[in-house]
Amino acid sequence: MKDDNFLKENNARHLWHPMGHPADVQANEPTIIKAAEGVHITDIDGHSVVDAVGGLWCVNLGYSNNVIKEAIAKQLYDLPYYSAFAGATNPAAIEASYAVREFFKEDGVARVFFTSGGSDSVETCLRLARQYHRLRGEPTRTKFLSLKKGYHGTHFGGASVNGNNRFRTAYEPLLAGCFHLPSPYTYHNPFNETDGAVLAQNIAAAMEDEIAFQGASTIAAFIMEPIQGAGGVIVPDASFMRLMREICDRHGILLISDEVITGFGRTGDWSGARHWGVQPDMMSTAKGITSGYFPVGAALMSEKVADVFEKDTTGEGAIYHGYTYSAHPVGAAAVTACLSETLRLDTKTNAAARGTQLYEGVLQLADKYDIIGDVRGGHGLMTGIEIVSDKASKTAMDMATMKRIHKTAYEAGAMVRLGGHNVLMSPPLTITDDEVNVILGALDAGFAAA
Ligand code: PMP
């Protein structure tokens with residue numbers, strides 16, 4: 001490794017960063033995180049803070065899980081790579097597919113298709129949804145429905161069902177045939193509805209209306225996050241996902257649950273759909289599947305979907321889709337180890353308890369600071385705080401103030417994430433109550449500096 005001076009000099013010179021303006025990154029050099037332990041990250045100047053973001057909503061088991069690290073190292077020596085394209089496979093992939101299937105058995109998962117991350121998993125679900133309908137003799141079912149404020153990654157399909165124009169505009173035209181319904185976001189919505197249950201009914205009516213307009217026989221799937229993450233931690237009413245499930249069933253539309261963030265315990269249950277009492281037809285997963293230690297995702301299929309592919313006798317059921325690193329043995333070894341650790345540590349239980357602590361602590365801060373417009377969370381370790389410059393008009397806080405909040409919180413002991421004028425938090429699910437209190441103290445300092 002080059003020395004610190006080299007790293008500082010070249011910090012922003014050669015690397016284009018995802019989700020940032022290259023000129024802005026060069027002008028405001030990024031923090032170099034050099035080491036991590038437990039739930040703490042340490043920068044190149046030796047400043048150590050609680051990682052309230054968990055990497056990028058992914059380091060569910062913290063940074064020091066040696067079971068995963070050793071499984072990765074061992075696999076690198078046993079077999080560093082072999083593909084799982086039709087006709088070949090590898091032992092690690094077989095074991096990992098078994099582990100994932102067992103993990104999500106209660107969600108009705110029957111088959112596992114490995115990918116390299118969340119965007120790949122979403123893309124896989126969207127593509128296989130179209131193929132599913134074609135195999136069933138309904139090739140006109142090609143359109144997708146999704147929610148505004150949803151985030152489904154950055155591939156063209158995922159970006160097309162994405163509900164935030166920040167991730168869309170520069171890359172248009174996107175995939176044709178994608179239509180967006182209002183988000184179950186009580187703080188701002190076109191119905192001016194603050195009651196989550198009534199809002200859920202309004203969105204259900206809007207969905208029925210859109211389906212009638214498009215024609216059910218043209219719609220392949222509806223994709224949603226059980227709790228919208230990057231869009232600002234938008235927690236729907238408990239009735240919402242069940243309503244969506246009912247509507248999808250009534251119209252022959254597949255329900256894809258995008259569990260890239262909500263899977264593997266983050267919501268306080270092993271999947272977000274399970275948290276709301278729903279079984280999806282497909283699930284897209286990533287992040288917590290390896291706790292971020294290796295880039296892996298998985299698209300998961302229910303028996304209903306799997307059957308249509310497996311019983312096909314025409315040859316049209318061949319899956320001409322996949323990635324060089326689908327079922328990568330090192331990634332697969334990370335998956336098996338991570339899931340076994342996730343179950344052993346029962347991280348969903350801690351996520352529920354510490355999530356409530358974090359949410360309630362932030363609600364107390366909301367009494368103290370007028371700039372806190374809305375606090376969302378209370379279902380596991382996903383918390384969003386919407387910052388406003390004027391509470392009555394709910395005007396978004398300016399970005400200079402948001403950056404000051406972020407910087408001050410960092411100096412006071414916690415890395416948080418900014419999503420526009422939202423402060424987003426998704427710490428490792430292994431966090432302790434003392435460490436949650438450190439985050440709350442850092443937020444207090446950040447808001448005081450606003
Ligand atoms: N879906 C959801 C719900 C996500 O939150 C993300 C990433 N934050 C993605 C898809 C895309 O995942 P990746 O960045 O691994 O491609």
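Residues numbered from 1 in each chain as written. Predicted model: local features only at pLDDT ≥ 70, side-chain atom pairs only at ≥ 80, totals over all residues.

1. Here's the deal with the packing of helix α14 (residues 399-411) against helix α15 (residues 433-448)
Phase 1 of the analysis: As a packed pair, α14 and α15 sit with axes 7 Å apart at the nearest point and diverge in direction by 140°. By the angle between their axes, α14 is oblique relative to α15. Pair α14 / α15 crosses with right-handed handedness. Contacts between α14 and α15 involve Ile 405, His 406, Thr 408 and Ala 409 from the first element and Ala 442, Leu 443, Ala 445, Gly 446 and Phe 447 from the second.
Phase 2 of the analysis: When the residues that make up the contact of α14 with α15 are grouped by side-chain class, the tally is 6 nonpolar, 3 polar and no charged. (Axes fitted to C-alpha atoms, helices over the stretch in contact; angles between N-to-C directions. Helix = DSSP H or I, 4+ residues; strand = E, 2+ residues; numbered from the N terminus. Parallel < 35°, antiparallel > 145°, perpendicular 65-115°, else oblique. Left-handed = near helix turned anticlockwise from the far one by under 90°. Contact = placed C-beta atoms within 7 Å. Nonpolar A, V, L, I, M, F, W, Y, C, P; charged D, E, K, R; others polar.)

2. Considering the sheet that holds strand β5 (residues 143-147)
Phase 1 of the analysis: Spatially, 7 strands are ordered β4-β10-β9-β8-β7-β5-β6 in an open sheet, and the strand pairing comes out mixed. Of all the strands in the sheet, the pair left with one neighbour each is β4 (109-115) and β6 (178-181). Across the sheet, the axes of successive neighbouring strands diverge by a mean angle of 20°, strand direction being ignored.
Phase 2 of the analysis: Relative to strand β7 (residues 219-224), β5 runs parallel, the two sharing 3 bridges. If you follow Leu 145 over to β7, its bridge partner there is Phe 222.
Phase 3 of the analysis: Contacting β4 and β10 (297-302), helix α5 (residues 91-103) crosses the sheet at an angle of about 130° to β4.
Phase 4 of the analysis: On the sheet, helix α8 (residues 196-214) packs against β5, β6 and β7 and is oriented at approximately 155° with respect to β6. (Pairing = 2+ DSSP bridges.)

3. Remarks on unusual backbone geometry
Phase 1 of the analysis: Cis geometry is adopted by the peptide bond preceding Pro 173, which originates at Glu 172 and carries an omega value of 0°.
Phase 2 of the analysis: Mapped onto the elements, Pro 173 comes out in the loop between α7 (156-161) and β6.
Phase 3 of the analysis: Of note, the phi angle at Ala 327 is positive, near 65°, even though the residue is not glycine.
Phase 4 of the analysis: By the element assignment, Ala 327 lies in the loop between α11 (303-310) and α12 (329-345).
Phase 5 of the analysis: Phi angles above zero are rare outside glycine, and Asp 346 is one such case at about 45°.
Phase 6 of the analysis: If you trace the backbone, Asp 346 turns up in the loop between α12 and α13 (347-368).
Phase 7 of the analysis: You can call Asp 346 exposed: it has 11 C-beta atoms within 10 Å. (Buried ≥ 20, exposed ≤ 12 C-beta atoms within 10 Å, placed from the backbone.)

4. Re the sheet that holds strand β14 (residues 414-415)
Phase 1 of the analysis: The 4 strands are arranged β1-β2-β3-β14 in an open sheet whose pairing can be described as mixed. Edge strands, defined here as strands with exactly one partner in the open sheet, are β1 (33-37) and β14.
Phase 2 of the analysis: Of the strand pairs in this sheet, strand β2 (residues 40-43) and strand β3 (residues 48-51) are connected by 3 bridges, and their pairing is antiparallel. Counted as the bridge partner of His 40 is Val 50 from β3.

5. Let's talk about the site of the ligand
Phase 1 of the analysis: Looking at the ligand, there are 14 residues lining it, with Gly 117, Gly 118, Ser 119, Gly 153 and Val 260 nearest.
Phase 2 of the analysis: Here the element with the most residues in the shell around the ligand is helix α6 (residues 118-135); it accounts for 3 residues.
Phase 3 of the analysis: For the shell around the ligand, the per-class residue count stands at 6 nonpolar, 6 polar and 2 charged. (Near = placed C-beta within 6 Å.)

6. Considerations on the nonpolar core
Phase 1 of the analysis: Grouped together as the largest cluster of nonpolar side chains are 118 residues, with contacts concentrated most on Ala 129, Ala 221, Leu 254, Met 282, Ala 334 and Val 335.
Phase 2 of the analysis: Top element by residues in this core is α12. It accounts for 8 residues.
Phase 3 of the analysis: No fewer than three residues from each of domain 1 (31-64 + 346-448) and domain 2 (67-345) sit in this core.
Phase 4 of the analysis: With sequence-adjacent residues up to four places away left out, Met 282 is seen in contact with Cys 125, Ala 129, Leu 254, Ile 256, Ala 299, Leu 300, Met 301, Ser 302 and Val 305. (Core = buried A, V, L, I, M, F, W, Y, C linked by C-beta atoms within 7 Å. Domains from an automatic or database assignment.)

7. Describing the confidence of the model for the protein
Phase 1 of the analysis: The share of residues in the protein with pLDDT of 70 or more is 100%, and the mean pLDDT across the chain is 97.
Phase 2 of the analysis: Across the predicted assembly, pTM comes out at 0.98 and ipTM at 0.99. (pLDDT = per-residue confidence, 0-100.)

8. Observations concerning helix α9 (residues 240-251)
Phase 1 of the analysis: Taking 1.5 Å of rise per residue, the 12 residues of α9 would be expected to cover 16 Å, and the 17 Å separating its terminal C-alpha atoms lies within 8% of that figure.
Phase 2 of the analysis: Buried residues of α9: Phe 240, Met 241, Leu 243, Met 244, Arg 245, Ile 247 and Cys 248, and no others.
Phase 3 of the analysis: Its buried side turned inward, α9 meets α8, β7, β8 (254-258) and α10 (272-275). (Expected span 1.5 Å × (residues − 1).)

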